[in-house]
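Here is what each chain is made of, one letter per residue.
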Amino acid sequence: MMKPGIKGKGAIFIVLLSVLLLLLWFRDSAEPTTGDAAEDGSNNSGEVIQDEEHEENSNHTENELPGNEVIEETEEISETTKDSDRGGSENNTLVEGEKTETENEAASNNIEEKLTEEEVTKEEEETESGQPNGNGGGDSLSDSNLYRNSQFGFTMELPETWQDIIRIDTNAFSPDQEGAVNFYYEPSAEINQLVFSVIIYTEEKGKEQEDNPFWMPIATNNGYTFGYIIPGEPTEELLAPENSEKLELVQHMIYTDLPKIISTFKFN
């Protein structure tokens, strides 16, 4: 075998040197490119991150702004609703107040009409009966103190001192009575004392009263029996010490005046 000479070694050295230079060139070429690429990539990544942050901020802003607007709109709607409810309540209160006032006026008018009707009726009764203290019902007390009962057809003469201090009504005390005429001593609204009552029964019922110690017969006429009764006890108001004079007057009316009145009883 032949050994390479100096030329052969030089050629090999040149080749190796060329390869080494090529490798160095490739390395140097690759490093800037890689650095630039990395830098570009870093820049791109930064830009991507910035874009994402921008988009996120935009989304966050977009999400916040409508939310705030919704909250503000909700608050405005709530305030409007409150104002509307307040206005509605005030309107309802005013309407109810006006309605109540109208009802009260109507009730007041009805009461006034009723009182007017009662006054007219009372005046008519007084005009017909001729007795301011009477209840009508066929009863009358003339200026001469003559009591006249048109229903059962009898009259009685009352003392002049009874004028303006007695009240007369025709309310029966029990269903088995055919009628009654009650004379009350009533000088004021506080005192209402029965003086005597003329009671009318049928003749059959009248016979049943013969054993009644409080029953005092007067007469019988047209199938009716007439009698009278007096109260058993004075009222509590009349027993008060300040009314002692009134009590004496009632006792005089019962035990002195009443027998005289009964003596004037007669049928028409």
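Residues numbered from 1 in each chain as written. Predicted model: local features only at pLDDT ≥ 70, side-chain atom pairs only at ≥ 80, totals over all residues. Heavy atoms only, no water.

### With respect to the overall build of the protein chain
Helix and strand counts for the protein chain stand at four helices and nine strands. Taken from N to C terminus, the helices and strands of the protein chain fall in the order α-β-β-β-β-β-β-α-β-β-α-α-β. Taking all 268 residues of the protein chain together, the buried fraction comes to 22%. A separation threshold of at least 6 residues defines the contact pool for the protein chain, and within that pool the share at least 24 residues apart is 47%. If you sum the accessible surface of the protein chain, you get close to 19100 Å²; carbon and sulfur atoms cover 52% of it. (Helix = DSSP H or I, 4+ residues; strand = E, 2+ residues; numbered from the N terminus. Buried < 20%, exposed > 50% of the residue type's maximum accessible area, 1.4 Å probe, protein only. Contact = heavy atoms within 4.5 Å. Areas by Shrake-Rupley, 256 points an atom, 1.4 Å probe, with all protein chains shown as cover.)

### Here's the deal with the nonpolar core
Side chains that are nonpolar tend, in soluble globular proteins, to be buried together. Counting residues in each nonpolar core, the largest one holds 28 residues, and the members touching the most others are F154, M156, F183 and F196. Of all the elements in the fold, those that place two or more residues in this core are β3 (154–157), β4 (166–169), β5 (179–188), β6 (191–202), β8 (224–229) and α4 (244–263). Among the elements that take part in this core, α4 stands out by supplying seven residues, more than any other. Not counting residues up to four positions away in its chain, the partners in contact with F196 are M156, W162, V181, N182, F183, Y228, I229, I230, L258 and I261. (Core = buried A, V, L, I, M, F, W, Y, C linked by side-chain atoms within 4.5 Å.)

### Things to note about the confidence of the model for the protein chain
Residues with a pLDDT of 70 or more make up 54% of the protein chain, whose mean pLDDT is 74. Low pLDDT, under 50, characterises residues 32–46; the stretch is placed with zero contacts to residues that sit more than four places away or in other chains. Overall, residues 120–138 carries pLDDT values under 50, and its contacts beyond four positions in sequence, including any with other chains, amount to 26 contacts. (pLDDT = per-residue confidence, 0-100.)

### Overview of unusual backbone geometry
The phi torsion at D164 lies on the positive side, around 70 degrees, for a residue other than glycine. For D164, the location among the structural elements is in the loop between β3 and β4. The exposure class assigned to D164 is exposed, which follows from its relative accessible area of 57%.

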